[in-house]
Amino acid sequence: MEKNFVNTQIEEKVLKPANGMAMMLILILVMLICVGAIVWGAMAALAAVIVAAAVVFCIACVLLGGLKIINPNEALVLTLFGKYYGTIKDHGFFFVNPFVTARNPIAEKQNESEGLLQELSESSKKNKEKKPSINKKVSTKVLTFNNGTQKVNDAMGNPIIIGAIVVWRVENPTKAVFNVDNYFQYLSTQCDSTIRSIARQYPYDSIEETDTEEKTLRGSSQEIADMMKSRLQQRVEDAGLEVLEVRITHLSYAEEIAAAMLRRQQAAAIIAARQKIVTGAVGMVKTALDQLGEEEIVLLDEERKAAMVSNLLVVLCGDKEAQPVVNSGTIY
């Protein structure tokens, strides 16, 4: 049984925040009242009124930072001074504590890499424009991950090329943010490991054609893909991810043995075709001899029957077209 190294102590807390539209209207009204109070206090020379109105105006400006817009199929994971605050899963316009911080490891890593590239580029030194804000929301949409192709040894030790795609989504945004550093990279690594471990347990194809119960990568691709899905789901469950489907998109022998395996398949096909031809030819010869004997068209002894069987089998089983020889004399 595989060990679990992921810290799962943080439990998801779904927030039900206040309506953002109502809070925005209240804050705008308060700011307008504060502006009016400052103007009135300046005209009446009341310093206390001016200071109080200015303080309330600043507080209202700070509270505006608590307005959050959540689009459909998105979630917002929030922390407050380093502690987990909660997760917003509903879409709409909400108001939360203005001091909370949204977390998204993928966006943070992307921001770090882009910032490093901008520092190294000469154009960024000349143009000090403000960088656009980063989307800290965690997408819960259904996504497709293409694992590409990789070389693996099957159960027989033959090198094969296998590739798969994974249909997945973020089921628990809290686990995806806090339990792993980058849940997309985590899925990629676990997908590679799962495909390799499953592919090593089964042969590419059955050596014995009569053994139909043995599972193979080529003959039982759907069952193998379902096993990959189950194994991958176990590995990424603590990261808050849900694997919806795994499909094998590419399966072939590696280049170094592809030619040899092709010859083996061709030989098996030739043998199967020869067996079918011989079986049919024997049946045709038997039918011909029976009809000749029943209708008494010609009476043949055992030696002539053997010669006739030999000639018919040569004609029916030969690769080239037979050249008939007309006998104008007696068969004896």
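Our subject is the structure listed above.
Once a new chain begins, its residue numbering starts again from 1 and follows that chain's sequence as written. Predicted model: local features are reported for residues with pLDDT of at least 70 only, side-chain atom pairs are reported and counted for 80 or more only, and whole-chain, interface and lining totals are derived from all residues. Values reported for side chains reflect all heavy atoms of the structure, with hydrogen atoms and water molecules removed beforehand.

1. Regarding the packing of helix H6 (residues 183-199) against helix H7 (residues 221-236)
- Between N-to-C directions, angles span 0 to 180 degrees; the directions come from axes that are lines fitted to C-alpha atoms, helices contributing only their stretch in contact. The helix and strand labels rest on DSSP assignments: H or I over at least four residues marks a helix, E over at least two residues marks a strand, and numbering proceeds from the N terminus. Across the interface, H6 lies against H7 with an axial gap of 9 Å and an inter-helix angle of 135°. By the angle class used here, H6 and H7 are oblique. Crossing of H6 over H7 shows right-handed handedness. Residues Tyr186, Leu187, Gln190, Cys191, Ser193, Thr194, Ile195, Ser197 and Ile198 of H6 form the contact with H7, whose participating residues are Ile224, Met228, Arg231, Leu232, Arg235 and Val236.
- Each residue belonging to the contact of H6 with H7 can be placed in one class, and the counts come to nine nonpolar, four polar and two charged. What sets the label is the angle itself: under 35 degrees gives roughly parallel, over 145 gives roughly antiparallel, 65 to 115 gives roughly perpendicular, and the rest give oblique. Crossing handedness follows the turn of the near helix against the far one: under a right angle anticlockwise gives a left-handed crossing, and clockwise gives a right-handed one. By definition, residues are in contact when any of their heavy atoms lie within 4.5 Å. By the convention adopted, Pro, Cys, Tyr, Trp, Phe, Met, Ile, Leu, Val and Ala count as nonpolar, Lys, Arg, Asp and Glu as charged, and the other residues, Gly among them, as polar.

2. Notes on unusual backbone geometry
- Even without glycine at this site, Asn73 takes up a positive phi of about 60°.
- Following the sequence through the fold, Asn73 ends up in the loop between strand E2 (67-70) and strand E3 (74-80).
- Of note, Phe81 is a non-glycine position whose phi angle comes to about 55°, a positive value.
- Looking at the secondary structure, you find Phe81 in the loop between E3 and strand E4 (83-88).
- Only protein chains enter the accessibility calculation, which uses a 1.4 Å probe; a residue whose area is less than 20% of its type maximum is buried, one above 50% is exposed, and one in between is partly exposed. On the basis of relative accessible area, Phe81 is assigned to the exposed category, the value being 69%.

3. What to know about the sheet that holds strand E1 (residues 18-19)
- The strand order across the open sheet built from three strands is E1-E5-E2, with neighbouring strands paired in antiparallel fashion. The open sheet terminates on both sides in strands that have one partner only, identified here as E1 and E2.
- One ladder, built from four bridges, connects E2 with strand E5 (residues 92-95); its direction is antiparallel. Along E5, the bridge assignment pairs Leu67 with Phe95.
- Where helix H1 (residues 20-44) meets the sheet, its contacts fall on E1, E2 and E5, and the angle it forms with E5 comes to roughly 55°. If DSSP finds at least two bridges between two strands, the strands pair.

4. Observations regarding the nonpolar core
- What makes a nonpolar core is a set of buried Ala, Val, Leu, Ile, Met, Phe, Trp, Tyr and Cys residues whose side-chain atoms join them at distances within 4.5 Å. Ranked by size, the top nonpolar core spans 31 residues in total, and within it Val166, Trp168, Tyr183, Leu232 and Leu241 carry the most contacts.
- Only strand E8 (143-153), strand E9 (159-170), helix H5 (173-178), H6, H7 and strand E10 (241-253) provide two or more residues apiece to this core.
- In contact with Val166, other than residues within four places in its own chain, are Leu143, Thr144, Phe145, Cys191, Leu232, Val243, Glu245 and Val246.
- Counting residues in each nonpolar core, the second largest holds nine residues, with Leu76, Leu78, Val96 and Ala102 among its members.

5. What about the packing of aromatic side chains?
- Centre distance within 6.5 Å is the pairing criterion for rings of Phe, Tyr and Trp, where only the six-membered ring of Trp is used; planes under 30 degrees apart are then read as stacked, over 60 as edge-to-face, and the remainder as tilted. Taken as a whole and judged by the stated rule, the model has five aromatic pairs.
- Ring centres of Tyr84 and Phe178 lie 5.5 Å apart, and the angle between their planes is 80°; this geometry places the pair in the edge-to-face category. With Tyr84 in strand E4 and Phe178 in helix H5, this pair connects stretches of sequence that are 94 residues apart.
- The partly exposed category is assigned to Phe178, whose relative accessible area is 26%.

Functional significance is not addressed by these values, which are geometric in nature.
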